[in-house]
Every structure is written in C-alpha cells, then in structure tokens.
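Now for the letters of each chain:
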Amino acid sequence: MRKKLIEMFNGKVNGQRAIEVITSIGYLTLLEKGCQERTSLDFSTHSYFNKRALELSDKVEPRFGCIIKDIIVSGIIEYCKEANLVYTELKKMDEKELIKLITIDLFALENLSGDELTYVTSLEISDLVLRLFENKKVKSIMDICSGSGNFLTMAAEKFTNAELYGIELQNKVNIISRIRLAILNTKNTIIEENVLKISLDRKYDLVFSSFPWNMRLTNNLKEDKNPRINIQNIKLKSDWAFVKKAVNSFSLNGKAVVLINEGCLINNIDKEYRKEILEKKLLEMVIALPSGTMLGANSNYSMLVFSEHNTYVKMIGASSSYVNNGKCKTLDVDAVLNIISKKNENYKEVLLEDIREEGYCLGVERYFQAKINILNPVKLEEVASTFRGYSYNTKKYHELEPSKGEYAILKLSDISNGKIDFDQLKTFNGDSIKLSKYVLKEGDIVCTSRGPAFKVSLISHIGELKIVPSASLMVIRPDNKKINSIYLYLFFNDEIGKMSIKRIQTGGIILVISKQALDNLKIPLVDKEIQEIV
C-alpha cells in the first residue's frame, strides 16, 4: 500500500515530501471518519481543500483542529490531482489499518529509500533506547531534534502515561510528528524552535537526541538553567552543543541518550569536551553501533548513555549486531541487549583512569585492542620532523605527462603495496620558492594523512627527481643521527606499528591522521648499531 500511494505522485515530489502529504491526508481522513456530522474533503483545488478542511477543523476537538489549520498554513498538501487519488485510496482503509500506516508503516527503515531518510530516526534505534529503560519509572520524555516523531511515537506506546516533549526546527516535519502523536491520543508538546538558541529549563526522566551531525555552529549557544556541564568555546561543528543540551536536560535519576559520529569520540579537537563529561562522571555507557544502520549515514557511530555518578564506563562493541535483508542493514536490537545483559566478550567496564591514559578517547574499539608494549618508547617528534603535503589543485596547475614538468606530484593513489613507480608520476610547473620546502629527500617516509586506508612508502633511489607530495600525504623526515629510515619504515609495517597507527586514526569511511597525533606516536628506539642490523 505504501509504495502504491507514493507512486501516485508520479515522481513530482521526492519520497520525504510524499510521506508528509500522505500522513497529512491520512490524518484528515481519520478525523473525517470519526466526525459525527457528515463531511467530505475535496482536494480538487487548493481553495476547495482549504474550505473543506476549515469546516472539518470546526467539527473536531480544538487540539485536532489546531493541527488541521497548521497543515493548511504550511502548504504541505500540494498537487491536488495526486492528493485526491491518495485520499480516495485512504478512505477505503479501516481506521485500524490507517492508524498503523501513519504511525508505523510509512516510517519503517525497510520501507525507506534514499530521499526519504531526512528527519527520521529508525524504529530499531528507538526500540533499543526504550528497551534500555524497561522496568524504570519514566514520567516525562524529551526528544531533542524530534523530526517526524518516530521515537516519540514508539515512546507513547511504551510509556502510555508519560508526558512527551519534542523540539524540532523544521515546520513540516514538526507537523507530521504532532499528527502521529495526536492519532495516538498522547499528552504531548512539540515546539518549533532551534534548540541551540533556547534555554532548556525543565528536567526529564528520559532525554533522547538524534541530532544532525557536523552542522556548522553559526551562533552563540543559549545557556541552560542549572547546567551540569558548561562546555565553552565549541568550535565550528555543533555536535557537542547538542550533547550539552541533552546532558543538561535529564532529571536527577534520569538519563540522556544521544547518537553521535565516531569522529567526535576519538579526534583531538573534541578532547576537552569529552574530558569535562568524563571527569564529572556523567557518562554511563558507549555502544558502538553498526555502520549503515543510521538513516541517511554510512559512517561509524555510537550511542552515548548519560547519567549521574559513574565511576566507570561500559564499553559495548555492537558493530556486528545487524541483520542484512538484502535491501538494507537493520540494527539487531536483541543482539545488542544480549551483549549488555550477559556481559560477554564484547562488553567491558573501563575505569576513568584508563580512559585518561587514552587521552579521553571514547572509541569503543580502542578498549578491546591488545595492549601495545613498545620497548624504550619515544615520541616520533623526538627523532623525526613531520609535515603535511602540498595542497595541489589541478584547476590551478596544468598537469603534464611524466618527465614533462619540473616537479612530479605524488598522490595517495600512486602508492601501491608500499611501492611507487616514480617514472609514472604526473608532473607540473610551479613556483620554486613556494614548492622547495615540500620537495622530498632520499630517506623520507610518506604515509596517508587522509584517505580510506593507511599507506606508507620509503622514498629511495629518486636521483634528481623533484617530487612534491599532495595534501593527502604526511611526510616523516627522520633525523639520521638518531634513527635509521629503513628501521622506522619497517616499524610502520610490522604488527605493533600497524596497531599504533590504527589507534591514532580518526574518522569513519575517510580515515584521518593529524600531525599532532603522528608527532606523539610512540616508537621503539634502540641503539643505532642494532637498528642497522634490523
């Protein structure tokens, strides 16, 4: 039925808009069916629809009529001919079928396609959060960035007497969530606001947030009343600003749950934010969830659970807890809960002091890795200098065939199994003063600074060739008085070296190694004579 209804729009609107229209018409149809006075909607023109919809709003309870008026004002109902076809089809459904369509079927992950994923939290994620709260008293629930209302709709059925609250900036999806909650006859308040610009003064037993990731922070945050954390100087991206709102909003015996990109848990930029939360003992659990099970995102992500007075953090490795039905990956909620309840090999309780030693890293995988023991460890910066490659742009430089230009450009794709075919490197001509500091020397080591996989190569036998590495590469220039280039290159290729590199990589699909992380990398330093033998 769902697919049939969407196809009635003949591609005139994307899937997200089609769902909004179908939900709105379904709501009006339900009210019409329950209206004692005879009424009939008409979608043939906008004026006809507005007139009949207003008549219907006067015949139903004010709380239902208010939503009807918002539907009219928002302009959700478009394409009158198609809307009439949908209306005709929905009228044939009985009330129970119609309620299920609007509250569940339209928004289930297995039914959604790429252009329908915005503002929707998967039903499986919502189910996991709510099952974490089983057998707990929950009188009030807040969903920050509540979108189309998936989480609150499921919460309404789980906690039938709870007061439901939501904050959503986007007008039309805000209306959709109110429609779905109205159909379930819940006590709810959904406001249309930018949560970062308002003060959250109430406290709630359960706070949930699936906020937009990597959104640029353009304004100062509005401070909350009696905050638990007061993270200052949040830079560029707003992820930790949303976390701050959630953490400041749960009650004394309550909890907050957020979904967050893994990069925020392991990068150096956000270290101070993680530190404040951990040192205040507010983090209870980190659940690493399977990539591809978050609607609209394929990157690695985790669920953070916050509460008071935590002396350790439960690390849950659930990245393999999914079911692949051929069309998409869905979260296996039972498998995740099984890890937590049975405390199996994918469960670990990590003391705060151990997290401190790891630089407040919250990447779950880190705490399941074998301990790295390095003989006589020193920081890489003590025996070598590092610098990032040149920001080479094909729009700025005319790329020439090998040996035709003064400089050869080395890109990440030119490295294969640690080897480089120098004779096949593309070349270009450029400013020698600017480029001279980037030219590689015999004995330099180049490695990935940004890319899908780690690559490393030793520069040797280059003769007079002037090779400039691109910005996707990092250059390590060993101090020959302290360390042998070949010895260092071999370290990066052995198991301990690979594990060490993995621990400093951040990001999801695109892995990043910062200069600071590389400089601080611990390497084994032995006598020069032994290095030569190795």
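Calculation rules
Residues numbered from 1 in each chain as written. Predicted model: local features only at pLDDT ≥ 70, side-chain atom pairs only at ≥ 80, totals over all residues. Heavy atoms only, no water. Helix = DSSP H or I, 4+ residues; strand = E, 2+ residues; numbered from the N terminus. Buried < 20%, exposed > 50% of the residue type's maximum accessible area, 1.4 Å probe, protein only. Contact = heavy atoms within 4.5 Å. Areas by Shrake-Rupley, 256 points an atom, 1.4 Å probe, with all protein chains shown as cover. 1 Å grid on protein atoms, 1.4 Å probe; cavity = no way out; pocket = protein on both sides within 12 Å on 5 of 7 lines; lining within 4 Å. Points joined across faces, edges and corners; volume = space filled by probe spheres on them. Core = buried A, V, L, I, M, F, W, Y, C linked by side-chain atoms within 4.5 Å. Salt bridge = Lys/Arg side-chain N within 4 Å of Asp/Glu carboxyl O. Phe/Tyr/Trp six-rings, centres within 6.5 Å; stacked < 30°, edge-to-face > 60°. Lys NZ or Arg CZ within 6 Å of the ring centre and 35° of its normal. Axes fitted to C-alpha atoms, helices over the stretch in contact; angles between N-to-C directions. Left-handed = near helix turned anticlockwise from the far one by under 90°. Nonpolar A, V, L, I, M, F, W, Y, C, P; charged D, E, K, R; others polar.

1. Considerations on the overall build of the protein chain
Helix and strand content of the protein chain: 19 helices and 24 strands. Across its three principal directions, the C-alpha atoms of the protein chain cover 95 × 55 × 45 Å. Residues classed as buried in the protein chain amount to 54% of the 534 residues present. Long-range pairs, those at least 24 residues apart, make up 72% of the contacts in the protein chain between residues at least 6 apart in sequence. For the protein chain, the accessible surface area stands at approximately 25300 Å², while carbon and sulfur atoms represent 48% of it.

2. Notes on empty space enclosed by the protein
Regions of empty space are outlined by a rolling probe, equal in size to a water molecule, passed over the atoms. Inspection of the entire model under this criterion finds one cavity of 30 Å³ or more. A volume near 50 Å³ is recorded for the largest cavity. Together, I277, L278, K281, L282, L283, N310, T311, Y312, V313 and L352 line the largest cavity. Put simply, the parts of the chain that give the lining of the largest cavity at least two residues each are α12 (271-279) and β8 (312-317).

3. Quick look at the nonpolar core
Within soluble globular proteins, side chains that are nonpolar generally end up buried alongside one another. L132, I141, I287, L289, M303 and F306 are the most contacted members of the largest nonpolar core, which totals 86 residues. The contact partners of F306, leaving out residues within four places of it in the chain, are V243, V247, F250, G254, K255, A256, V258, I277, L282, L283 and E284. Formed by 43 residues, the second largest nonpolar core is a distinct cluster that contains I6, I22, V60 and I183.

4. Focus: the pattern of salt bridges
Using the criterion set out here, one finds 26 salt bridges in the structure. With a closest N to O distance of 3.5 Å, R131 and D127 form a salt bridge. Taken together, the residues span about one helical turn, with R131 and D127 both in helix α7 (residues 123-132) at a distance of four residues. One connected set of salt bridges, linked through shared partners, spans K4, E89 and K92.

5. Here we look at the packing of aromatic side chains
With the rule as written, the count across this model stands at 15 aromatic pairs. Taking the centre distance of 6.3 Å and the plane angle of 50 degrees together, the rings of W240 and Y273 count as tilted. Of this pair, W240 sits in helix α10 (residues 239-247) while Y273 sits in helix α12; the two residues are 33 residues apart in sequence, bridging distant segments of the chain. Among the aromatic residues, ring-to-ring pairing joins F387, Y390, Y392, Y397, Y407, F428 and Y438 into one connected group. Between R180 and the ring centre of F107, over which it is positioned, the NZ or CZ distance is 3.7 Å.

6. Describing the packing of helix α2 (residues 15-34) against helix α4 (residues 62-74)
Remark: α2 packs on α4, axes separated minimally by 11 Å, with the N-to-C direction vectors making an angle of 145 degrees. Handedness of the α2/α4 crossing: left-handed. In contact with S24, Y27, L28 and L31 of α2, α4 contributes F64, I67, I68 and I71. Partitioning the contact of α2 with α4 into residue classes produces seven nonpolar, one polar and no charged.

7. Considering the side chain of N267
Note that N267 resides in the loop between α11 (263-266) and α12. Leaving out residues up to four positions away in the same chain, N267 has contacts with R274 and T506.

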